[in-house]
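Residue-level listing of the chains:
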Amino acid sequence: MKRVTLFVNGTSSNGKVVAVYGSVIDLLSVASSKFGIRASSVFNGTGGLIDDISLIRDDDVLYVSEGDSSNDPLGDPGSPDKFQTHTDWLTLNVGGRCFTTTRSTLVSKEPDSMLAHMFRDKDVWGNKQDCQGAYLIDRSPDYFEPILNYLRHGQLIINDGINPLGVLEEARFFGIEQLAEQLETLIKSSQPVDDHSPLTRKEFVRFLLATPTKSELRCQGANLQGVKMLCSNAEGASLRGCNFEDPAGIKANLEGANLKGVDMEGSQMTGINLRVATLKNAKLKNCNLRGATLAGTDLENCDLSGCDLQEANLRGSNVKGAIFEEMLTPLHMSQSVR
């Protein structure tokens, strides 16, 4: 598909880059919509009337009019540079690599950018040229290429192996704000999500209530200080490495909770209330259960190896088949278990 830059007849600013399709009538319809006029004619850079869409070339600069005649935007019909500001070709030597493009590509899409100011008017900036006449720009050619293509067709396309951060730096350097915003969004969306970022206890409870199949519940490393989950159902959930300890002294309360098969390995649960909770087949390896209330708790086949159970209350708990090897603190004989 061809692309052209349109100006209202008699002007050389506020141009619009549009796609060319269909017929001349279709192009005039697009121009009318873009400029808020009733475009009836389209002219080329030398004032010739275009009545056939096939006469239009890619990257042409065209002028639309509500009348039947063309006006010179520069006011000098005999000037040899008439309409040349946007149509002439030029070569850029960017970091030793040459790019050939039109002046309109550099000035039309981002008119406030550094590139637009550098090349809108000839020789205003005194741009240095190499021996072949290419304009010298001391920037990275790999990062410049996506920027030039964006100015050509308005799409952000970055080849494999090109770091978007480098392209972003170039976009900022050249003052191409819209492209910079797209790149920032792209970079943010491509950053990996930390699946182990801590949840607050409120977020966890909401998550728990919203998850119908608790075996799908994965909250490793969640911050559950002082959480209250009385008689809740978290069967089969993964709560590895969670922190239930509240520095303020508020103790987590999971009394009567269904925690069958739950994986709480390595969790900090000092003083937690698990009274009459069901922890059958649960994994509590290396947990800190100092001062925990486990009275009447079903710990059948529960893995408690490596746990700190100092001052824990296990009175009346069911520890049939439970694993206690490597416990940091042995059970006191005064504790009654069944």
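Residues numbered from 1 in each chain as written. Predicted model: local features only at pLDDT ≥ 70, side-chain atom pairs only at ≥ 80, totals over all residues. Heavy atoms only, no water.

Of the regular secondary structure elements, the protein chain holds 7 helices and 7 strands. Shown N-terminal to C-terminal, the secondary structure of the protein chain runs as helices and strands in the order β-β-α-β-β-β-β-α-α-β-α-α-α-α. Within the protein chain, residue pairs in contact and separated by at least 24 positions form 38% of the contacts whose partners lie at least 6 positions apart. Surface exposure of the protein chain reaches about 17700 Å², of which carbon and sulfur atoms provide 48%. (Helix = DSSP H or I, 4+ residues; strand = E, 2+ residues; numbered from the N terminus. Contact = heavy atoms within 4.5 Å. Areas by Shrake-Rupley, 256 points an atom, 1.4 Å probe, with all protein chains shown as cover.)

Our focus in this paragraph is the sheet that holds strand 5 (residues 89-94). Read across the sheet, 3 strands follow the order 6-5-7 without closing on themselves; strand pairing throughout is mixed. Every interior strand has two partners, whereas the edge strands, strand 6 (97-102) and strand 7 (135-137), have only one. The sheet shows a mean angle of 30° between the axes of neighbouring strands, taken without regard to direction. Of the strand pairs in this sheet, strand 5 and strand 7 are connected by 3 bridges, and their pairing is parallel. The residue bridging Val94 from the neighbouring strand is Ile137, located in strand 7. Here helix 4 (residues 141-153) sits on the sheet in contact with strand 5 and strand 6, set at roughly 10° to strand 6. (Pairing = 2+ DSSP bridges. Axes fitted to C-alpha atoms, helices over the stretch in contact; angles between N-to-C directions.)

Ordered by their spatial adjacency, 4 strands build an open sheet running 2-1-4-3, and the pairing between neighbours is mixed. In this open sheet, the two edge strands, each paired with only one partner strand, are strand 2 (16-20) and strand 3 (41-43). Each strand axis lies, on average, 40° off the axis of its neighbour in the sheet, ignoring direction. One ladder, built from 5 bridges, connects strand 1 (residues 2-8) with strand 2; its direction is antiparallel. Bridge pairing in strand 2 places Lys2 opposite Val20.

Positive phi values are uncommon outside glycine, yet Val276 reaches one of about 50°. Looking at the secondary structure, you find Val276 in the segment after helix 7 (201-210). Classification of Val276 by relative accessible area gives partly exposed; the value is 41%. One non-glycine residue, Glu311, lies in positive phi territory at about 65°. Within the fold, Glu311 resides in the segment after helix 7. (Buried < 20%, exposed > 50% of the residue type's maximum accessible area, 1.4 Å probe, protein only.)

To continue, consider the pattern of salt bridges. Here the structure, examined in full by the defined rule, presents 10 salt bridges. Across the salt bridge formed by Arg97 and Asp142, the nearest N and O atoms sit 3.3 Å from each other. Of the two residues, Arg97 is situated in strand 6 and Asp142 in helix 4; the sequence distance between them amounts to 45 residues. Residue class for Arg97 comes out partly exposed when judged on its relative accessible area of 32%. Of the residues examined, Asp142 reaches a relative accessible area of 40% and is grouped as partly exposed. In this structure, Arg172 and Glu169 form a salt bridge, with 3.2 Å as the shortest nitrogen-oxygen distance. (Salt bridge = Lys/Arg side-chain N within 4 Å of Asp/Glu carboxyl O.)

What follows covers the nonpolar core. Of all hydrophobic cores here, the largest spans 35 residues; its most connected members are Phe244, Leu254, Leu259, Ile272, Leu284 and Leu289. Core analysis: the second largest hydrophobic core is formed by 26 residues, Phe99, Ile137, Leu151 and Ala171 among them. (Core = buried A, V, L, I, M, F, W, Y, C linked by side-chain atoms within 4.5 Å.)

At a closest axis distance of 9 Å, the pairing of helix 4 and helix 5 (residues 164-173) adopts a crossing angle of 65°. As far as their axial angle goes, helix 5 and helix 4 are roughly perpendicular. Between helix 4 and helix 5 lies a crossing of right-handed hand. Contact residues: Tyr143, Pro146 and Ile147 in helix 4; Gly166, Val167, Glu170 and Ala171 in helix 5. Residue composition of the contact of helix 4 with helix 5, grouped by class: 5 nonpolar, 1 polar and 1 charged. (Parallel < 35°, antiparallel > 145°, perpendicular 65-115°, else oblique. Left-handed = near helix turned anticlockwise from the far one by under 90°. Nonpolar A, V, L, I, M, F, W, Y, C, P; charged D, E, K, R; others polar.)

Looking now at helix 4. Here helix 4 contains 13 residues, and its C-alpha end-to-end distance of 18 Å stays within 8% of the 18 Å for a straight helix at 1.5 Å per residue. All of the buried residues in helix 4 are Pro141, Phe144, Pro146, Ile147, Leu148, Tyr150 and Leu151. The first or second residue beyond helix 4 is Gly154, which carries a positive phi of 80°. (Expected span 1.5 Å × (residues − 1).)

Taking 1.5 Å of rise per residue, the 14 residues of helix 6 (residues 177-190) would be expected to cover 20 Å, and the 20 Å separating its terminal C-alpha atoms lies within 8% of that figure. Buried residues along helix 6 sit in contact with helix 4 and helix 5.

Before going further, it helps to spend a moment on the state of the cysteines. Throughout the structure, instances matching the rule amount to 0 disulfides. As a non-bridged cysteine, Cys287 has Cys307 as the owner of its nearest cysteine sulfur, 4.9 Å distant. What makes Cys287 buried here is its relative accessible area of 2%. (Disulfide = S-S within 2.5 Å.)

With their axes 9 Å apart at the nearest point, helix 5 and helix 6 run at an angle of 155° to one another. Classified by the angle between their axes, helix 5 and helix 6 sit roughly antiparallel to one another. Here helix 5 and helix 6 pass one another in a crossing that is left-handed. Taken together, the residues of helix 6 that come into contact with helix 5 (itself represented by Pro164, Leu165, Val167, Leu168, Ala171 and Arg172) are Leu179, Ala180, Leu183, Glu184, Leu186 and Ile187. Considering only residue class, the contact of helix 5 with helix 6 consists of 10 nonpolar, no polar and 2 charged.

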